[in-house]
Amino acid sequence: MIVKPRAGDHLVVGKYTGKVIVGVGLLMAIPLLTSIAYHEWDTALDFVIGIAACLVFGFGVQILSKTDRDLTWSHGLVVAAGSWVWATLLGCLPLYLSGHEGSYLDAMFDVMSGYTTTGLYLLQDLDHIANGLNMWRHLLTYAGGQGIVVIALTFLFKGTSGAYKVYVGEGKDERLLPNVLQTARAIWLISLTWLVLGTVALSGVGLALGQAPSRALLHGLWIFMGGWSTGGFAPQSYNTVWFHSLAYEVVAAVVFIAGSFNFALHWAMWTGNRKEIVRNIEVLSFVITLTLMTLVATFALAKAGVYPTAMTLFRKVFYQLASGHTTTGYSTMYSRAFVTQWGPMGMLAVTVVMAIGASACSTAGGIKGIRIGVITKAFVQDIRKMISPESAVIRSRYHHIREIMLDDAMVRTVMTITLCYLSAYMITALIGVAYGYDLSSSAFEAVSAVSNTGLSCGLTSPAMPEFLKVVYIFGMWLGRLEFMSVFALGGYLFSMARGR
Amino acid sequence: MSGLRIAVRFVALLLIVGLSSPEGPALALTPSPNFPDSAGLVEQPKNYDGRKVEFTGEAIGEVMVRGEDAWIHINDDAYYAKNVEEGAPLGGFNSGMAVWLPAGLTTRIMHYGDYKHEGDVVTITGVFNAACAEHGGDMDIHADELVVDVQGRHVIDEVKPWKIWLAVVLCLIAALLYAMHRSGEASRTLGPVSRRR
């Protein structure tokens, strides 16, 4: 029997959703200040409206949802998934009001893409937008990478034991420290430290490349935010090919590869456990699959004679593949060049690495290296069992911060999530094919959206069918929250309608 | 009816409705001043690789001087003559080409396009490279001539009065709700204390 949620359940969900949305509103103060600093008055007004709308919603819902009850697991999942929907609906106001979006749906697409660190966008005439608006786009992706719930946990939740349930609902399950609030703050400590170092490095390179100081600083900050969060937004429509610089590409790659690592790995390194980086199963999985797919793409492109020298070939292939594998989406190519220069084999290599994605409990998306590692270990374990005597006990283990024994329940959970991802990739790609796009382009774009990568082969555009935009928005949301929270929200809504 | 069955029917209905409207929104089309335009060069890079091209468009962003030469970017998209802040209709993504040219030529450009500027419209002449060996495989044009066709200008994004009204009304409501929320919180905090007394 499906149990209908009671009024008390709605109050708990409303209270915590309201808190998260207040957090989103407060976050808009940063682009507001940027617009004021650059005298972008109309854009500044857009942010005042956005902040006020978030506060009206957030405080309004909290006033209507007075309760002392703490969150249960299902509440936590519903709050996490629901908050992302409301944060998207309200967070897109400044983008929509700017006049650069074709519709409210397009603005929602861009904001969901930002929060989920995808990087696909529908905003038009990007090269003429205000600094404040660019700050909001990049802040969205930086905040989304840490998790908007993590932000709310850090600043707005006061010592609730249920906070961990919302935290998990947002697709993160590592406890760096015993207390979830301390964990959220540790994530911020790591991210802010990298923010300072990365911005200084990128701005310095930008200055050396001939950028004016203020542009070098803003571009450095934004490219850092887009890279660390593995979001892939960039301030110019040319993405990172704008800089035409190996040095800039190297620094950006260091940032997005670091951003794609598990926060638990960062914390281990931070606290002195340096050897973790060479033992961790996610890092090993990432290195192996990146190397294999780089070889495949290099071979295919060398055969096609696309690039004139071995060095240019390796530089292009490694950057796009590393960007795809970390689900960043930075590119030093025109989108359509994936089709017109790289061809099906090159696109397939990028599609595979995007599908795998990077580390769990990081800013990255995709199936995740740890799941690929666990499935591989389980596969090898099964083969060993087959060729060993029946009485033999075959056990496998892997290293992720500590030694972990592989068991059937763990493999089952990993397989379930992996199957969810593969199904979502396939269904999204098939919908694209149903609209008349060719399979390789449709698969490339579908995997890019659901794995929260953001590389595009040109299919995503303001002129694409509206329903396909909705499908991609849903895919980005599902992929970022790793399905379970969204399923929990669906179940919650269903039980409201049909439960007893 | 089970939840799964309802969910499957709901998704099937959504797919039918969604796929039955295949057209995307129409965009305003502003013809590019170039043939081939930037999209054409990206679509057929082999056809134009190594050929001399003339390319017209808006100088965008900034010039990045690297020694004797410099990088500029020229957009030949729907906004090359007029941008959104000036009232141009939305016409899709930006599109353009990266241009490598002697730094001295760039001194003729007075305005680079951004939020506050519509950049100079310039015409460059040079060789198109589908994958430039000198620049890490980037697609670019190595130019040796530059002519400024139209001077750029300062652009003012006027503040819309209706936005001021909307902002004031929303801020007043938000302040009221904040006060109500705070007073509610305070009374809930004080409640148990007063009971203990």
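Residues numbered from 1 in each chain as written. Chains lettered and ligands numbered in written order. Predicted model: local features only at pLDDT ≥ 70, side-chain atom pairs only at ≥ 80, totals over all residues. Heavy atoms only, no water.

K.L.:
Kindly report on the overall build of chain B, identifying the contributing residues and their values.
P.N.:
Assigned secondary structure in chain B consists of 4 helices and 7 strands. The order of α-helices and β-strands along chain B, N terminus first, is α-α-α-β-β-β-β-β-β-β-α. Over its C-alpha atoms chain B spans a radius of gyration of 28 Å, topping by over 25% the 16 Å that the globule rule assigns to 197 residues. The dimensions of chain B, computed from C-alpha atoms along their principal axes, are 85 × 50 × 35 Å. (Helix = DSSP H or I, 4+ residues; strand = E, 2+ residues; numbered from the N terminus. Rg over C-alpha atoms; globule rule 2.2 N^0.38 Å.)

K.L.:
Could you give me a rundown of the side chain of Asn94(B), with the residues and numbers involved?
P.N.:
Tracing the backbone shows Asn94(B) in the loop between strand 2 (69–75) and strand 3 (96–102). The exposure class of Asn94(B) is buried, given its relative accessible area of 11%. Among the polar contacts made by the side chain of Asn94(B), one reaches the main-chain amide nitrogen of Leu126(A) at a distance of 2.8 Å. One polar contact links the side chain of Asn94(B) to the main-chain amide nitrogen of Asp127(A), over a distance of 2.9 Å. Sequence-distant contacts of Asn94(B), defined by excluding residues within four places in its chain, comprise Asp125(A), Leu126(A), Asp127(A), Ser237(A), Asn75(B), Asp77(B) and Tyr79(B). (Buried < 20%, exposed > 50% of the residue type's maximum accessible area, 1.4 Å probe, protein only. Polar contact = N/O pair within 3.5 Å; in protein donor to acceptor, adjacent residues only side chain to side chain. Contact = heavy atoms within 4.5 Å.)

K.L.:
For the side chain of Ser65(A), give the residues involved together with the corresponding values.
P.N.:
Residue and element names in this part refer to chain A. Among the secondary structure elements, Ser65 is positioned in the loop between helix 3 (41–64) and helix 4 (73–91). For Ser65, a relative accessible area of 6% corresponds to the buried category. When neighbours within four sequence positions are excluded, Ser65 is seen to be in contact with Leu11, Gly14 and Lys15.

K.L.:
Describe the domain arrangement of chain B, naming the residues involved and giving the relevant values.
P.N.:
Taken as a whole, chain B is organised into domain 1 (38–154) and domain 2 (159–190). Placing the centre of domain 1 of chain B and that of domain 2 of chain B at their C-alpha centroids yields a distance of 47 Å. (Domains from an automatic or database assignment.)

K.L.:
Before we move on, can you summarise the sheet that holds strand 5 (residues 121–129) of chain B with the specific residues and values?
P.N.:
Residues and elements named next belong to chain B. Read around the barrel, 5 strands follow the order 1-2-3-6-5 and close on themselves; strand pairing throughout is mixed. When the angles between neighbouring strand axes are averaged without regard to direction, this sheet yields 55°. Of the pairings in the sheet, the one linking strand 1 (residues 52–66) to strand 5 comprises 7 bridges and is antiparallel in character. Looking at the pairing, Phe55 lines up with Ile124 of strand 5. (Pairing = 2+ DSSP bridges. Axes fitted to C-alpha atoms, helices over the stretch in contact; angles between N-to-C directions.)

K.L.:
I'd like to hear about the pairing of strand 2 of chain B, residue by residue, with values.
P.N.:
In summary, the side chains of a regular strand alternate between the two faces of the sheet. All names here are of chain B. Of all the 7 residues making up strand 2, 6 are buried; the element is thus mostly covered by neighbouring parts of the structure. With 6 bridges connecting them, strand 1 and strand 2 associate as antiparallel partners. Counterpart to Met64 in the pairing with strand 2 is Trp71. What sits between the antiparallel neighbours strand 1 and strand 2 is a turn of 2 residues, in which Gly67 has the positive phi angle 70°. Where strand 2 meets strand 3, 7 bridges bridge the pair, whose relative direction is antiparallel. Within strand 3, the position partnered with Ala70 by the bridge is Leu101.

K.L.:
So, the interface of chain B and chain A: which residues are in play, and what are the values?
P.N.:
Listed per partner, the contact involves 74 residues of chain B and 77 residues of chain A. Around 5,900 Å² of area is buried between chain B and chain A when both sides are counted, 63% of it from carbon and sulfur atoms. Of the charged contacts in the structure, one is a salt bridge between Lys160(B) and Asp42(A), with a shortest N-O distance of 3.2 Å. Here chain B and chain A share 31 residue pairs in polar contact (both at pLDDT 80 or more) between them. Secondary structure elements with two or more residues in the side of chain B that touches chain A: helix 1 (3–19), helix 2 (38–43), helix 3 (45–48), strand 1, strand 2, strand 3, strand 4 (117–118) and helix 4 (161–196) of chain B. The biggest single contributor to the side of chain B that touches chain A is helix 4 of chain B, with 15 residues. Class assignment of the residues belonging to the side of chain B that touches chain A gives a composition of 40 nonpolar, 18 polar and 16 charged. (Buried area = accessible area lost by both parts, 1.4 Å probe. Salt bridge = Lys/Arg side-chain N within 4 Å of Asp/Glu carboxyl O. Nonpolar A, V, L, I, M, F, W, Y, C, P; charged D, E, K, R; others polar.)

K.L.:
Give a detailed account of the packing of helix 21 (residues 466–480) of chain A against helix 22 (residues 484–498) of chain A, specifying residues and quantitative values.
P.N.:
All names here are of chain A. Contact pair helix 21 / helix 22: the axes reach a minimum separation of 7 Å and the direction vectors enclose 115°. Accordingly, the angle class assigned to the pair helix 21 and helix 22 is roughly perpendicular. Between helix 21 and helix 22, the residues in contact are Phe474, Trp477 and Leu478 and Val486, Phe487 and Leu489, respectively. Taken together, the residues of the contact of helix 21 with helix 22 sort by class into 6 nonpolar, no polar and no charged. (Parallel < 35°, antiparallel > 145°, perpendicular 65-115°, else oblique.)

K.L.:
Could you give me a rundown of the packing of helix 17 (residues 337–356) of chain A against helix 20 (residues 439–450) of chain A, with the residues and numbers involved?
P.N.:
Residues and elements named next belong to chain A. Following both chains from N to C, one finds helix 17 and helix 20 inclined at 40°, their axes separated by 9 Å at the closest point. When the axes of helix 17 and helix 20 are compared, the pair comes out oblique. Taken as a pair, helix 17 and helix 20 cross one another with a handedness that is left-handed. Judged by residue contacts, Phe338, Val339, Met347, Val350, Thr351, Met354 and Ala355 of helix 17 engage Ser440, Ser441, Ala443, Phe444, Val447 and Ser448 from helix 20. Taken together, the residues that form the contact of helix 17 with helix 20 break down as 9 nonpolar, 4 polar and no charged. (Left-handed = near helix turned anticlockwise from the far one by under 90°.)

K.L.:
Hey, could you go over the packing of aromatic side chains for me, with residue numbers and the actual values?
P.N.:
Residues and elements named next belong to chain A. Under the definition given, this model contains 26 aromatic pairs over all chains. Judged by centre distance (5.1 Å) and plane angle (65°), the ring pair of Tyr96 and Tyr104 falls under edge-to-face. In this structure Tyr96 comes out as partly exposed when scored by relative accessible area, which is 37%. Seen from their ring centres, Phe256 and Tyr319 are 5.7 Å apart, and the 70° between their planes marks the pair as edge-to-face. With a gap of 63 residues between them, Phe256 in helix 12 (residues 246–259) and Tyr319 in helix 16 (residues 310–325) connect regions that are remote in the sequence. Comparing Phe256 with Tyr319, the two get one shared label, buried. Here the aromatic cluster, defined as three or more aromatic residues joined through ring pairs, consists of Tyr142, Trp188, Trp194, Phe224, Trp228 and Phe263. Taking the ring centre of Tyr121 as reference, the NZ or CZ of Arg137 above it sits at 5.5 Å. Across from the ring centre of Phe233, 4.5 Å away, lies the NZ or CZ of Arg137, which sits over that ring. (Phe/Tyr/Trp six-rings, centres within 6.5 Å; stacked < 30°, edge-to-face > 60°. Lys NZ or Arg CZ within 6 Å of the ring centre and 35° of its normal.)

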